[in-house]
Amino acid sequence: MDGIAGGISWSLFFTYRKFIIESDKFGYKIPVELDKNFFLALLFVPIYWIGLYFLAGHYKDVWRKSRINEISKTFTVTVVGVILLFFALLLDDEVRSYQSYYKSILTLFVLHFGLTLFIRLIEASFVKSQLRKKKIGFHTLIVGNNQKSYQLVKELMDEDIQQGNIFKGFVSVNGDANNHILKDILPNLGNYKNLPELIQKYEIEEVILGIESSKHADINNVTNVLEDQQVVLKIIPDLYDMMSGQVRMNNVIGAALIEINHDSMPQWQKVVKRMIDLFASMLLLLIFLPVFLVLAVAVKMGSKGPVFYKQIRIGYKGKPFHIYKFRTMIQDSEVAGPMLSSANDVRITPIGKWLRKYRLDEIPQFFNVLVGEMSLVGPRPERKFFIDQIVQIAPHYKHLHRVKPGITSWGQVKYGYAENVEQMVERLKFDILYIENRSIAIDFRILIYTILTVLQGKGR
């Protein structure tokens, strides 16, 4: 529908340019001729608008759209899109005076914004009506054991303000769930620790925490359990949350909830980040091909064993994958079980020490980046053996799985390689800080520091 709106608005604008702008310039009526340029633009312009809306994240989570947000987001993208179109296609138009440019920009904006928003509001209203009639909806679980969670459920189940929640039951945070205040209106599904199994069993899409936002320990426990689950997580706000500006009103009628969203990177930056990953990995694999071959020969001649070393690591969304490196240790270096390396590790070969110093052993990981298993920048992936130990000390380690692992990371730049689980936990805070603040600008800063580390030979 965005493409259709873009095509219709452009066709109307094309007619306006002929009848008004060009006729005013030449002093007589200019006929509307649908030439080759018109049809090329009719193909290009809708694709252009769809691309802009995609970069702005408009096609993400389409069933949860708010009509209020639709107005502001459509307005912003239309302003940017019209300005770019003006400089790309309209700046060389035949005009009587510069005021004609203002008229063209304003007309194109009004046509595109008006038509696109009109269609979007119809679509959003239709979706809202389907949600309220429960023809579509979100399977929901409640986590909590207080009066507030009871009041919330009663409010969300109200026929007049239905927001699409289809409640499957509740779980308790602590105490006896059999005495839970919700047991009279929802099934008791046990304790919050069973959430992963319940989410899979009932195909849960949304989890609402009926917990006071000031109870940080309970909230952390629940969010750590849910970290690798693909659900929308919401919490009931208190007065402090509202006054601090954390609550955004998307629905005039309905319960006010805070959506816990740790994703700080806009959609357009995610697309750009992936494009940078693809371009850089292909370029560097080509550039380093001669070096690649020389290093392969050096590793093979330096010690007995294969050239490459592959190992199963845990990546994005907790999925395992094979990471590739040049082998830097003697063959069968972990026959006694998984072991982390140290600065004076006797298992490291002479050529391996040199490779680690300049981090050249990481070059094969550009293949992991190319196929989408890793990124240039992101938390370093670990083995499940060590992750199981880390989460015993720091359960929030699972937060790292929200993003793709990287060849280099803020934790590695700030802290370096870890020689034991305690150092891994210490390094964790830098990676968490990166995830909560990640952006293209920060990625470039980390890459610059990494390049300096490589050139100075400070790796190990």
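What this report covers is the structure whose coordinates are included nearby. (Residues numbered from 1 in each chain as written. Predicted model: local features only at pLDDT ≥ 70, side-chain atom pairs only at ≥ 80, totals over all residues. Heavy atoms only, no water.)

**Some thoughts on the overall build of the chain**
Part 1: For the chain, the count of helices and strands is 16 helices and ten strands.
Part 2: Of all 460 residues assigned to the chain, the portion counted as buried reaches 46%. (Helix = DSSP H or I, 4+ residues; strand = E, 2+ residues; numbered from the N terminus. Buried < 20%, exposed > 50% of the residue type's maximum accessible area, 1.4 Å probe, protein only.)

**What about unusual backbone geometry?**
Comment: phi is negative for the bulk of residues other than glycine, and the bulk of peptide bonds are trans.
Part 1: The backbone of Glu 203 shows a phi angle near 55°, a positive value even though the residue is not glycine.
Part 2: The topology assignment puts Glu 203 in the loop between helix 6 (195-202) and strand 4 (206-209).
Part 3: The class of Glu 203 is exposed, set by a relative accessible area of 58%.
Part 4: The residue Arg 359 is not glycine, and still its phi comes out positive at about 55°.
Part 5: The residue Arg 359 is located in the loop between helix 11 (350-357) and helix 12 (365-370) in this model.
Part 6: Arg 359 gets classed as buried once you look at its relative accessible area, which sits at 12%.

**As for the sheet that holds strand 6 (residues 258-259)**
Part 1: Strand order in the open sheet formed by six strands is 3-2-1-4-5-6, with mixed pairing between adjacent strands. The open sheet has two edge strands, strand 3 (188-191) and strand 6, and neither has a second partner.
Part 2: Inspection of the sheet shows strand 2 (residues 165-172) paired to strand 3 by two bridges, in the parallel sense. Of the residues in strand 3, the one forming a bridge with Phe 170 is Asn 188. (Pairing = 2+ DSSP bridges.)

**Description of helix 4 (residues 99-132)**
Part 1: Taking 1.5 Å of rise per residue, 34 residues should cover 50 Å, and helix 4 covers 48 Å from first to last C-alpha, within 8% of that figure.
Part 2: Just beyond helix 4, the residue with positive phi is Lys 134, at close to 60°. (Expected span 1.5 Å × (residues − 1).)

**Quick notes on the packing of helix 2 (residues 36-55) against helix 3 (residues 67-90)**
Part 1: Where helix 2 contacts helix 3, the axes come no closer than 10 Å and their chain directions differ by 140°. With respect to their mutual orientation, helix 2 and helix 3 come out oblique. Both helix 2 and helix 3 take part in a crossing whose hand is right-handed. On the side of helix 2, the interface is formed by Phe 44, Tyr 48, Trp 49, Leu 52 and Tyr 53, while helix 3 contributes Thr 74, Val 77, Thr 78, Val 80, Gly 81, Val 82, Leu 84, Leu 85 and Leu 89.
Part 2: Its residues assigned to classes, the contact of helix 2 with helix 3 shows eleven nonpolar, three polar and no charged. (Axes fitted to C-alpha atoms, helices over the stretch in contact; angles between N-to-C directions. Parallel < 35°, antiparallel > 145°, perpendicular 65-115°, else oblique. Left-handed = near helix turned anticlockwise from the far one by under 90°. Contact = heavy atoms within 4.5 Å. Nonpolar A, V, L, I, M, F, W, Y, C, P; charged D, E, K, R; others polar.)

**Quick look at the side chain of Asn 224**
Part 1: Its place among the elements puts Asn 224 in helix 7 (residues 216-226).
Part 2: Those residues in contact with Asn 224 that lie beyond four places of it in its chain are Pro 395, His 396, Lys 398 and His 399.

**What about the pattern of salt bridges?**
Part 1: Applying the stated rule across the entire model yields nine salt bridges.
Part 2: A salt bridge links Glu 70 to Arg 120; the shortest N-O distance between them is 3.4 Å. You can see Glu 70 sitting in helix 3 and its partner Arg 120 sitting in helix 4, a full 50 residues away along the chain. Arg 120 shares its class with Glu 70; the two are buried.
Part 3: Salt-bridge contacts for Lys 273 lead to Asp 443; the nearest nitrogen and oxygen are separated by 2.5 Å. Taken together, the residues Lys 273 in helix 9 (residues 267-287) and Asp 443 in helix 16 (residues 440-455) connect sequence positions 170 residues apart. (Salt bridge = Lys/Arg side-chain N within 4 Å of Asp/Glu carboxyl O.)

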